[in-house]
Amino acid sequence: MASGPRAMGPEDSVRTISPGRRSDQVVTTLTGDTVAAATLRSTAIPVLSVVASPRPVKGKADREVARRRLQLLPGSQAGDPGAGVEEEEEEEGPLLSLPEEEKEAQPLPPVCVSPMRGMWRDEKVAVYCDEVLRGCKVRRRGPRERNGPIRPQGPAEDADEAMSKYLSEKLKLKDKWLGVWKTNPELFFVKYEEASIPFVGILVEVTCKPSQNSPSCFKVTVSVAEPFSSNIANIPKNLVDEILEELEHSVPLLEVYPVEGQDSDIHDIALALEVVRFFYDFLWRDWDDEESCENYTALIEERINLWCDIQDGTIPGPIAQRFKKTLEKYKNKRVELIAYQSNIKEDPSAAEAVECWKKYYEIVMLCGLLKIWEDLRLRVHGPFFPRILRRRKGRRDFGKTITHIVAKVMTTEMVKDLSSDTLLQQHDDLDLALDSCYSGDTVVIFPGEYQAANLALLTDDIIIKGVGNREEIMITSEPSHDSFVVSKANNVKLMHLSLIQQGTVDGIVVVESGHMTLENCILKCEGTGVCVLTGAALTITDSEITGAQGAGVELYPGSIAILERNEIHHCNNLRTSDSSKSTLGGVNMKVLPAPKLKMTNNHIYNNNGYGVSILQPTEQFFIVAEEALNKGAAAGDKKDDNMLSKVMENLNLEMNNNKIEANVKGDIRIVTS
């Protein structure tokens, strides 16, 4: 689950680090950020010429020392050759250059694109729990599972054997094939720019031999294939030959990616390799081998769900980043401990023993934190990351308010409707205007396109309004930020604006506390829609909400919302097979305690879920109301008005003159979580 993330397309094939399967083996490969740019994101691999110093190839006597250094080197030191091995200081070699008679390397052929990239979460669960781990012992079905599939259940140590068996069977399909070997540039170069060389890729011929090792330690024999091809045009072939000779032509299998243009068996091998990579990169934990587990496949299913929730934005970006950074920190600390222990030649001294225990307990603490996060299965707007840390400014000391004009140039025509005693301040940057605001101020925005990080830090009671057509006042989110508009002000108002979400996975508007008003606005969502958290209040009038991955408006327990004369359409574009998420559409209410919602003259249409969904927390809660709805149902989605009114009254839901139509799942529904 390495880092990045963002709401992106599934990147199952991006490899970050393959953890050692035992305490004395850790294989550090490419970091997630470097491989993500090139590994299977597209089938074509670009060729570039680079400036770098080739690493001097060591003699046979030094091969083990060099190889062990590569194995133990933490990822954070990848750009610092020689770090952690003080006695090995290599002189900088000459810059990389080709002999005059040698031609540049040919471009690498496209690698096989694995179906793993497009699998739904249920498909991933089926692959691991029903196919790959089926060799684990199977538990008996419980009384509540009679109609469901049997899930294999076995201890963690069986998983390693099952993965090995699965991969070995696939490798029997073909013992020789062509692939691209992708490895750490440090294996070839002493000095280079990391940004220019994310990895070194070489076209090789692979020879597979049966192995009983853990899949993460599988080795294959490789030789340079003809024509000589690489992603680095000016890499000398003799350097590659020397490096392979040093490695005795044996490289980790998981560093090799089969290329297109071979028979269907090779595609099966490519899929198997991606299944194994994904398991060890994202689902396996180092502590799995050290603890007993009564239901290991259930744990794997939870981790798949957690990974999918991070990828599709269900878990907000800030929380996902914290989880990923903690997981990466855990892996690095474990590597550091192993490296430290390996440098202790004899019985440890008291100081060395204390240092080992310190490192060990730090790992234990990180492990415990990761387990808590996995068990809780973080949900959107969880309690772990406060979005606004800024304090309220309140009113100015002299008691006056200021109207901030946001425009490149201010003219008298712009301010002719303002009273003569209005205090004005002109800005050409919306962010600066918001930063200058105190409670009571007004920000007036003239047509143009703007960005403002301070929209995610609204703490004071201000009015932000556009002048002119709302379509011409466009405020876009910064893709690198996790939040767009977030408020905990007592009373903040946005008017006559277009909010365009780009890349952020958090709600387009999040009301943490206090009250927010949206009037005559267009909200073009790309992540979550408008979210009203517990205890907060929202009023939306004469506005349009479209494009949300989940519900257009999501009300958390104990929140309050008034919706009048709005259009909410084409929401719930989330790519998921999770039935609880597929029901979301126009408006979603989470109850216990029930939020208060008043809807008047709204048009809710063409959403992929229900027009209005009411999420109940248990099967027993609202069971009577659900039965009443079912009994009152006639043909299609028509329900008895008296029954529905009774349910809405119990839910603090008031609906008048709304037009709810053409929603894929139906108009209104109580959904069990």
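Everything numeric here is computed off the predicted structure, so don't read it as measured data.

### Re the sheet that holds strand β20 (residues 515-519)
To summarise the sheet geometry, strands pair through backbone hydrogen bonds and adopt either a parallel or an antiparallel arrangement.
Thinking step 1. The strand order β11-β10-β12-β14-β17-β20-β23-β26-β29-β32 describes an open sheet built from 10 strands, whose pairing is parallel. Each edge of the open sheet is held by one strand with a lone partner, namely β11 (423-427) and β32 (653-656). Adjacent strand axes in the sheet meet at a mean angle of 10° when their direction is disregarded.
Thinking step 2. The pairing of β20 with strand β23 (residues 537-541) spans five bridges and is classified as parallel. Its bridge partner lying in β23, Met516 is registered against Leu538.

### Let's talk about the confidence of the model for the protein chain
Thinking step 1. Of the residues in the protein chain, 67% have a pLDDT of 70 or more, and the chain-wide mean is 75.
Thinking step 2. Within the model, pLDDT remains below 50 along residues 377-386, and this stretch shows 30 contacts once partners closer than five positions in the same chain are excluded.
Thinking step 3. Note that pLDDT drops below 50 for residues 618-640; the model gives that stretch 30 contacts with residues more than four away or on any other chain.

### Details of the environment of Thr401
Thinking step 1. If you trace the backbone, Thr401 turns up in the loop between α9 (350-376) and β10 (402-406).
Thinking step 2. For the pair formed by Thr401 and Ser439, sequence separation is 38 residues and the distance between their alpha carbons is 7.8 Å.
Thinking step 3. Dropping the residues within four chain positions of it, Thr401 is found in contact with Arg395, Arg396, Leu423, Ser439, Gly440 and Asp441.

### Overview of the environment of Glu355
Thinking step 1. Following the sequence through the fold, Glu355 ends up in helix α9.
Thinking step 2. Each C-alpha atom, one on Glu355 and one on Leu337, is 9.2 Å from the other, the two residues being 18 residues apart in sequence.

### Here's the deal with the nonpolar core
Thinking step 1. Counting residues in each nonpolar core, the largest one holds 59 residues, and the members touching the most others are Tyr128, Trp177, Trp181, Phe188, Ile235 and Phe279.
Thinking step 2. Contributions of two or more residues to this core are made by α3 (121-132), α4 (156-171), β4 (176-183), β6 (200-207), β7 (219-224), α5 (237-246), α6 (264-283) and α7 (296-311).
Thinking step 3. Among the elements that take part in this core, α6 stands out by supplying 11 residues, more than any other.

### Topic: unusual backbone geometry
Thinking step 1. Cis geometry is adopted by the peptide bond preceding Pro227, which originates at Glu226 and carries an omega value of -5°.
Thinking step 2. Notably, Glu248 is not glycine yet its phi reads approximately 60°, a positive angle.
Thinking step 3. Relative to the assigned elements, Glu248 resides in the loop between α5 and β8 (250-252).
Thinking step 4. Phi at His496 is positive, roughly 55°, even though this residue is not glycine.
Thinking step 5. Summarising the element assignment, His496 is placed in the loop between β17 (491-495) and β18 (498-500).

### Points about the packing of aromatic side chains
Given two aromatic rings, their pairing is described by the distance between the two centres and the angle made by the two planes.
Thinking step 1. If you walk through the whole model with that rule in mind, you get 12 aromatic pairs.
Thinking step 2. When the ring of Trp181 is compared with that of Phe188, the centres are 6.0 Å apart and the planes differ by 55°; the resulting orientation is tilted.
Thinking step 3. Owing to a relative accessible area of 1%, Trp181 belongs among the buried residues under this scheme.
Thinking step 4. Each ring, one from Phe278 and one from Phe282, has its centre 5.1 Å from the other, and the planes form 45°; the classification is tilted. Note that Phe278 and Phe282 are positioned in helix α6 at a spacing of four residues, about one turn of the helix. Phe282 matches Phe278 in its accessibility class, with the two residues each being buried.

Procedures and definitions
- Residues numbered from 1 in each chain as written.
- Predicted model: local features only at pLDDT ≥ 70, side-chain atom pairs only at ≥ 80, totals over all residues.
- Heavy atoms only, no water.
- Pairing = 2+ DSSP bridges.
- Helix = DSSP H or I, 4+ residues; strand = E, 2+ residues; numbered from the N terminus.
- Axes fitted to C-alpha atoms, helices over the stretch in contact; angles between N-to-C directions.
- pLDDT = per-residue confidence, 0-100.
- Contact = heavy atoms within 4.5 Å.
- Core = buried A, V, L, I, M, F, W, Y, C linked by side-chain atoms within 4.5 Å.
- Buried < 20%, exposed > 50% of the residue type's maximum accessible area, 1.4 Å probe, protein only.
- Phe/Tyr/Trp six-rings, centres within 6.5 Å; stacked < 30°, edge-to-face > 60°.

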